[in-house]
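Residues per chain, in single letters:
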Amino acid sequence: MAIEKVGIIGAGQMGNGIAHVSALAKLDVRMVDTNPAQLNKALETIRNNMNRQVKRGLITQADEDAAVARIAVSQNVADIRDCDIVIEAATEKEEVKKEIMRAVSAVLKPEALIASNTSSISITRLAAATDRPQKFIGMHFMNPVPLMKLVELIRGLATDDDTFNQVRDLAEKLGKTTATSEDFPAFIVNRILLPMINEAVYTLYEGVGNVEAIDTAMRLGANHPMGPLELADFIGLDVCLAVMQVLYEGLADTKYRPCPLLVKYVEAGWYGKKAGRGFYDYSGETPIPTR
């Protein structure tokens, strides 16, 4: 089966990024979200990001116009019924994702594939919520999707070879390089990255250094392009906490215990850049550390 039409469930940061690269790869896209304001915001974000690519000479104006025209939006999951693959890009909560899987399975044509952009949750468990676990796979894009080259591919227990090969080919068509992970909590990237971020939060929590000192130390001392607390704000502190909870519960090791300060920030609604405040306050022209 040739993949020509891609359904995307969720129009947030990851969903609109996947729609962006899929449309530029000349695939028809159907992006579904229950929130009409989020759909409008997603289309605006896609246009703005493609405009930047035009200005940098990476694509032409004609490329942008054609790509945007390939993206249709809907609030009804039934509108993905004729897609060749559906990629779920909803919030990092297992029950929400399982509910989506059941809804997608009820309307999607039998031969179509289903993928999840989960950054940490068991692919085998999510697949079990569908009617086609053999056609289900993890397809974890990095953020921001148009810029980051990696896609992690994660096979569930039942994922067949044909599904894996088709999705790997799709990722390459989108201009991505793939890395294959076993179905362990948080896979490869977040298994390594999130404990580092969590340790940076512990370093702040214990008073070893303030936000500015920790981020400066890692940028200049470890040559990281972005400090770990700034990166946490960019990812979303709610997402960071969700991944750490998956690691802690899935591997039963105290080294993955989420830092209490991270929990406190999430409880306060200080999710990072998307909320206007996290380890930095983004209300002014320049981000200001909050601790």
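Within every chain, residues take consecutive numbers counted from 1 along the sequence as written. Local features in a predicted model are, by the rule used here, given only for residues with pLDDT of at least 70; side-chain atom pairs are given and counted only at 80 or more, and totals for whole chains, interfaces and linings are based on all residues. To obtain the side-chain values, all non-hydrogen atoms of the structure were used and water was disregarded.

### Observations concerning the pattern of salt bridges
Counted as salt bridges are all cases of a side-chain nitrogen of Lys or Arg within 4 Å of a carboxyl oxygen of Asp or Glu. Under the defined criterion, the tally for this structure stands at 11 salt bridges. A salt bridge links K97 to E88, with the shortest nitrogen-to-oxygen separation between them at 2.5 Å. Close ionic contact of R219 with E230 constitutes a salt bridge, the shortest N to O distance being 3.9 Å. One end of the pair, R219, is in helix α8 (residues 211-221); the other, E230, is in helix α9 (residues 228-235), with 11 residues separating them in the sequence. We classify R219 as partly exposed; its relative accessible area is 29%. Only DSSP runs of H or I with at least four residues qualify as helices, and only runs of E with at least two residues qualify as strands; both kinds are numbered from the N terminus onward. Burial status follows relative accessibility: with a 1.4 Å probe on protein chains alone, a residue under 20% of its type maximum counts as buried, one over 50% as exposed, and anything between as partly exposed.

### Notes on the nonpolar core
Residues enter a nonpolar core if they are buried and are Ala, Val, Leu, Ile, Met, Phe, Trp, Tyr or Cys, with the set joined through side-chain atoms within 4.5 Å. M31, I85, I87, M139 and F141 are the most contacted members of the largest nonpolar core, which totals 38 residues. By the convention used here, residues are in contact when the closest approach between their heavy atoms is within 4.5 Å. Each residue touching I87, except ones within four places of it in the same chain, is listed here: V6, G7, I8, I9, I18, A115, M139 and F141. One finds L194, A232, F279 and Y282 within the second-largest nonpolar core, a separate group that totals 27 residues.

### A look at the side chain of D33
The residue D33 is located in the loop between β2 (28-32) and α2 (36-55) in this model. Here D33 sits buried without a salt bridge, and the closest side chain of opposite charge, K41, lies 11 Å off (N-O distance). Any N or O atom pair separated by 3.5 Å or less is treated as a polar contact, with the protein-specific requirement of one donor-capable and one acceptor-capable atom, and with residues adjacent in sequence counted only for side-chain atom pairs. At 2.9 Å, the side chain of D33 forms a polar contact with the backbone nitrogen of A11. Once you skip the residues sitting within four places of it in the chain, D33 turns out to touch G10, A11, Q38, L39, S74 and Q75. Here the positive residues are Lys and Arg and the negative ones are Asp and Glu; neither His nor the chain ends is included.

### Thoughts on unusual backbone geometry
Following N143, the chain continues into P144 via a peptide bond in cis, with omega recorded as 0°. Assignment of secondary structure puts P144 in the loop between β6 (136-141) and β7 (150-155). Despite not being glycine, F187 has its phi angle at roughly 60°, a positive value. Looking at where F187 falls in the secondary structure, it is placed in the loop between β8 (177-181) and α7 (189-205). Backbone geometry places N223, a non-glycine residue, at a positive phi of 60°. Among the structural elements, N223 can be located in the loop between α8 and α9. N223 sits in the exposed class, given a relative accessible area of 67%.

### Quick notes on the UniProt feature "domain: 3-hydroxyacyl-CoA dehydrogenase NAD binding" (unreviewed entry) in the protein
UniProt positions are given in the numbering used here, feature names are shortened, and annotations may be inferred rather than shown by experiment. UniProt feature "domain: 3-hydroxyacyl-CoA dehydrogenase NAD binding" (unreviewed entry): in the numbering of this structure it lies at residues 5-181. A helix fraction of 41% and a strand fraction of 22% characterise residues 5-181, whose end C-alpha atoms lie 26 Å from each other.

### Observations regarding the pairing of strand β5 (residues 113-116)
Consecutive residues of a regular strand have side chains that alternate between opposite faces of the sheet. Burial along β5 is two-sided: L113 and A115 facing one way and I114 and S116 facing the other are all buried. Pairs of strands are assigned from DSSP output, requiring at least two bridges between the strands. The pairing of strand β4 (residues 85-88) with β5 spans 4 bridges and is classified as parallel. Of the residues in β5, the one forming a bridge with I87 is A115. Look down the strands so they point away from you; if going from the first strand over the helix to the second traces a clockwise path, that crossover is right-handed. Remark: the β4/helix α4 (residues 94-107)/β5 crossover connection has right-handed handedness. Taken together, the 3 bridges between β5 and β6 define a ladder with parallel strand orientation. Note that in β6 the partner of S116 across the bridge is G138.

### Overview of the environment of S122
Relative to the assigned elements, S122 resides in the loop between β5 and α5 (123-127). Expressed as a C-alpha distance, the spacing of S122 and R56, which sit 66 residues apart in the sequence, is 39 Å. Polar contacts involving the side chain of S122 include one to the main-chain amide nitrogen of R125, which spans 3.1 Å.

### Details of the environment of L194
Inspection of the secondary structure assignment puts L194 in helix α7. For L194 and R291, which are 97 residues apart along the polypeptide, the C-alpha to C-alpha distance reads 20 Å. Look past the residues within four positions of L194 in its chain and what remains in contact with it is C240, V243 and M244.

### Regarding the packing of helix α1 (residues 13-24) against α2
Axis definition: a line fitted to C-alpha atoms, limited for helices to the stretch in contact. Angles are taken between N-to-C directions and run from 0 to 180 degrees. In the contact formed by α1 and α2, the axes pass within 10 Å of each other and the chain directions differ by 55°. Between α1 and α2, the angle falls in the class oblique. Two packed elements cross with a definite hand, and for α1 against α2 that hand is right-handed. Together, N16, A19, H20 and L24 of α1 and A42, T45, I46, N49, M50 and Q53 of α2 make up the contact between the two elements. Split into classes, the residues belonging to the contact of α1 with α2 amount to 5 nonpolar, 5 polar and no charged. Roughly parallel refers to an angle under 35 degrees, roughly antiparallel to one over 145, roughly perpendicular to one between 65 and 115, and oblique to any angle outside these ranges. Handedness of a crossing follows from how the near helix is turned relative to the far one, being left-handed for an anticlockwise turn of less than a right angle and right-handed for a clockwise one. Just so you know the grouping, Ala, Val, Leu, Ile, Met, Phe, Trp, Tyr, Cys and Pro go in nonpolar, Asp, Glu, Lys and Arg go in charged, and all remaining residues, Gly too, go in polar.

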